[in-house]
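# Fold and contact review
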Amino acid sequence: MFPSISLRSNILGPWPPHFVLYALDRDRGDGGDVSSGEHDKELSSSAAPSRHPEHSKRYLVDLMICTERSAEVSELFQRYVFRDG
C-alpha cells in the first residue's frame, strides 16, 4: 500500500487548489517582432523559459476550489478579486 498524500496538508498548506489554463497571445506580446519568428525561436531554445507576462495571456480556464477553510487565508482576498456570476 502507498501512503495517502493530502494536497491540503502536505503540498498546498491552507491555500485552495487553483488551476489555470491560458494561451499566449502573440499579438499582445512584449513588443518583440513575432512576424520574424522570434517567438518560435524562444520556444525552441534550450535556455530557461522566461515568465509569461500577464498582458499576453488569454485565459481559457481559471478555477479555484474554495471551501469554508479558504476564508482563513487572509492573503487570498488580497491577491485575488472574486466576482459573483
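Remember, it's a predicted structure, so these values are computed and weren't measured experimentally.

Criteria and thresholds
- Just so you know, the residues in each chain are numbered from 1, in the order the chain's sequence is written.
- A pLDDT threshold of at least 70 governs which residues receive local features in this predicted model, and a stricter bar of 80 or more applies before side-chain atom pairs are shown or counted, although totals over entire chains, interfaces and linings include all residues.
- As a rule here, side-chain values come from all non-hydrogen atoms in the structure, and water together with hydrogens is ignored.
- Under the pairing criterion, centres of Phe, Tyr and Trp rings, with the six-membered ring standing for Trp, must be within 6.5 Å; the plane angle then separates stacked pairs below 30 degrees from edge-to-face pairs above 60, leaving the rest tilted.
- Charge-over-ring placement is defined geometrically: NZ (Lys) or CZ (Arg) within 6 Å of the ring centre, and within 35 degrees of the ring normal.
- By convention in these notes, a salt bridge is any Lys or Arg side-chain nitrogen within 4 Å of a carboxyl oxygen on Asp or Glu.
- To count toward a patch, a residue needs a relative accessible area over 30% and no salt bridge; like charges are then connected within 9 Å, while nonpolar side chains (Val, Leu, Ile, Met, Phe, Trp, Tyr) are connected within 5 Å.
- Here the Shrake-Rupley method, with its probe set to 1.4 Å, supplies the accessible areas, and only the displayed protein chains count as covering residues.
- Numbering of helices and strands starts at the N terminus; helices are DSSP runs of H or I of at least 4 residues and strands are runs of E of at least 2.
- Under the scheme applied here, a residue whose accessible area is under 20% of the maximum for its type counts as buried, over 50% as exposed, and between as partly exposed, the area being computed with a 1.4 Å probe on protein chains only.
- Contacts: residue pairs with any heavy atoms within 4.5 Å of one another.

## Overview of the packing of aromatic side chains
This model, assessed by the stated rule, comprises 3 aromatic pairs. Three or more aromatic residues joined by ring pairs make a cluster, and in this case those are F77, Y80 and F82. Looking at K57, its charged tip hangs above the ring of Y22, at a distance of 4.7 Å from the centre.

## A short note on the pattern of salt bridges
Taken as a whole, this structure holds 1 salt bridge when the rule is applied. Here E54 and K57 are joined by a salt bridge, their closest N and O atoms 3.4 Å apart.

## Structural notes on a nonpolar patch on the surface
Taken together, the side chains of F19, L21, L60, V61, L63 and I65 present a nonpolar region at the surface, about 550 Å² in accessible area. Of all the secondary-structure elements, those providing two or more residues to the nonpolar patch are β1 (18-24) and β2 (57-64). Looking at the nonpolar patch, the element that brings in the most residues is β2, giving 3 residues. Tracing the backbone shows V61 in strand β2. Since its relative accessible area comes to 41%, V61 is described here as partly exposed.

## As for the side chain of S70
Note on placement: S70 falls in the loop between β2 and α3 (74-79). Residue classification places S70 among the buried positions, given a relative accessible area of 2%. Residues contacting S70, with those up to four places away along its chain left out, are P16, I65, L76 and F77.

## Looking at the environment of M64
By the secondary structure assignment, M64 is in strand β2. For the pair M64 and F19, spaced 45 residues apart in the sequence, the C-alpha separation amounts to 6.3 Å. Residues within four places of M64 in sequence aside, it is in contact with P16, P17, H18, L76, Y80 and F82.

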